[in-house]
Amino acid sequence: MSNDAADIWDQHAATFDDEPDHGLRDPTVRDAWIALLMPVLPDPPASIVDLGCGTGSLSILLAQAGHDVHGLDSSHRMLDEARGKASRLGVAVTLHHGDASRPPFQPASFDVVLVRHVLWALPDPASALAHWVTLLRPQGRLVLIEGRWMTGAGLSAADCTALLRQHRKEIGLQVLDDQALWGRAITDERYLLLSRR
């Protein structure tokens, strides 16, 4: 990710968690994300990397469930927010600064690669996906949460599935239209793709 993009996210870090699905402060929203993610993950303690982790809300949620979580983001200020949040909650999450499209981890390092609302913003999504699948251990799971926003930005589920089929055989789609996940009703396309192989 470019320095310009990191600077933009730095500017939004202090208020990023004000969105219900970013900060997961509302218990209903938080519970909805727990109910969504826990069934698609291995039993804890799995090794999970959260690419483009932002302020660490999902990283912390998964660490609280007993997983060994590494979060990575290009924004120093987002990572500062994540560190502060983890510290206040007494949760251990290992945070890294880096480019989500080329994360600096060894191949076969993780049981799960989790990426939420990042792929659509990358200049070369196909290349990023090709790299992410190398990070998975045998039987590892790739969990992508993406959308095609009402602004026209984003990736449709069909386009994202087509990109992923270049690297993975098994892909499951779950539509994420439950307003409990977002703290409000939505009209755009939001979804989770799960690939186990």
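Here, the structure is the one placed above.
Below you will find a few notes about this structure. Computed from a predicted model, the values in this text were never measured in an experiment.

### Some points on the pattern of salt bridges
Applying the stated criterion to the full structure yields five salt bridges. Residues Glu170 and Arg196 are paired through a salt bridge, measuring 3.8 Å at the closest nitrogen-oxygen approach. Remark: Arg196 occurs in the segment after β7 (189-195) and Glu170 occurs in the loop between α7 (157-164) and β6 (172-175); sequence separation between them is 26 residues. Look at Glu170 and you get partly exposed, because its relative accessible area is 28%. In this structure, the salt-bridge partner of Asp188 is Arg190, at a minimum N-O distance of 2.8 Å. Here Asp188 matches Arg190 in class, with each residue buried. When salt bridges with common partners are traced through the structure, they connect Glu170, Arg196 and Arg197 into a single cluster.

### Here's the deal with the pairing of strand β5 (residues 136-148)
As paired strands, strand β4 (residues 110-116) and β5 are joined by six bridges and run parallel to one another. When the bridges of β5 are listed, Val113 appears paired with Leu142. Read from β4 through helix α6 (residues 125-134) to β5, the crossover connection turns out right-handed. Of the pairings in the sheet, the one linking β5 to β7 comprises seven bridges and is antiparallel in character. Within β7, the position partnered with Glu146 by the bridge is Tyr191.

### Some thoughts on the packing of aromatic side chains
If you walk through the whole model with that rule in mind, you get three aromatic pairs. Ring geometry for Trp33 against Trp182: centres 5.4 Å apart, planes inclined by 90 degrees, an arrangement best described as edge-to-face. Taken together, the residues Trp33 in helix α3 (residues 27-37) and Trp182 in helix α8 (residues 179-182) connect sequence positions 149 residues apart. For the residue pair Trp33 and Trp182, the accessibility class agrees, reading buried in each case. Ring geometry for Phe105 and Phe110: centres 5.2 Å apart, planes at 85 degrees, overall edge-to-face. The two residues Phe105 and Phe110 agree in class, both being buried. For Arg116, the ring lying beneath its charged end belongs to Trp33, and the centroid distance is 4.7 Å. Its guanidinium or amino end placed over the ring of Trp182, Arg190 lies 4.5 Å from that ring's centre, counting from NZ or CZ.

### Observations concerning the pairing of β4
The buried fraction of β4 is high, at six of seven residues. The sheet contact formed by strand β1 (residues 47-51) and β4 spans four bridges and is parallel. Opposite Asp50, over in β4, you have Leu114 as the bridge partner.

### Focus: the environment of Met150
Counting through the fold element by element, Met150 comes out in the loop between β5 and α7. Each C-alpha atom, one on Met150 and one on Met38, is 28 Å from the other, the two residues being 112 residues apart in sequence. Once residues lying within four places of it in the same chain are set aside, the contact partners of Met150 are Thr187 and Asp188.

### A few points about the packing of helix α4 (residues 57-64) against helix α5 (residues 76-89)
For any two helices packed against each other, the geometry is given by the interaxial angle and the distance between the axes. It is at 10 Å that the axes of α4 and α5 come closest, and there the two elements cross at 30 degrees. It follows from the interaxial angle that α4 and α5 lie roughly parallel. At the point where α4 passes α5, the crossing takes the right-handed sense. Where α4 approaches α5, its residues Ser57, Ile60 and Gln64 are matched on the opposing element by Ala82, Lys85, Ala86 and Leu89. Each residue belonging to the contact of α4 with α5 can be placed in one class, and the counts come to four nonpolar, two polar and one charged.

About the criteria used
- Residues numbered from 1 in each chain as written.
- Predicted model: local features only at pLDDT ≥ 70, side-chain atom pairs only at ≥ 80, totals over all residues.
- Heavy atoms only, no water.
- Salt bridge = Lys/Arg side-chain N within 4 Å of Asp/Glu carboxyl O.
- Helix = DSSP H or I, 4+ residues; strand = E, 2+ residues; numbered from the N terminus.
- Buried < 20%, exposed > 50% of the residue type's maximum accessible area, 1.4 Å probe, protein only.
- Pairing = 2+ DSSP bridges.
- Right-handed = clockwise from strand over helix to strand, strands pointing away.
- Phe/Tyr/Trp six-rings, centres within 6.5 Å; stacked < 30°, edge-to-face > 60°.
- Lys NZ or Arg CZ within 6 Å of the ring centre and 35° of its normal.
- Contact = heavy atoms within 4.5 Å.
- Axes fitted to C-alpha atoms, helices over the stretch in contact; angles between N-to-C directions.
- Parallel < 35°, antiparallel > 145°, perpendicular 65-115°, else oblique.
- Left-handed = near helix turned anticlockwise from the far one by under 90°.
- Nonpolar A, V, L, I, M, F, W, Y, C, P; charged D, E, K, R; others polar.

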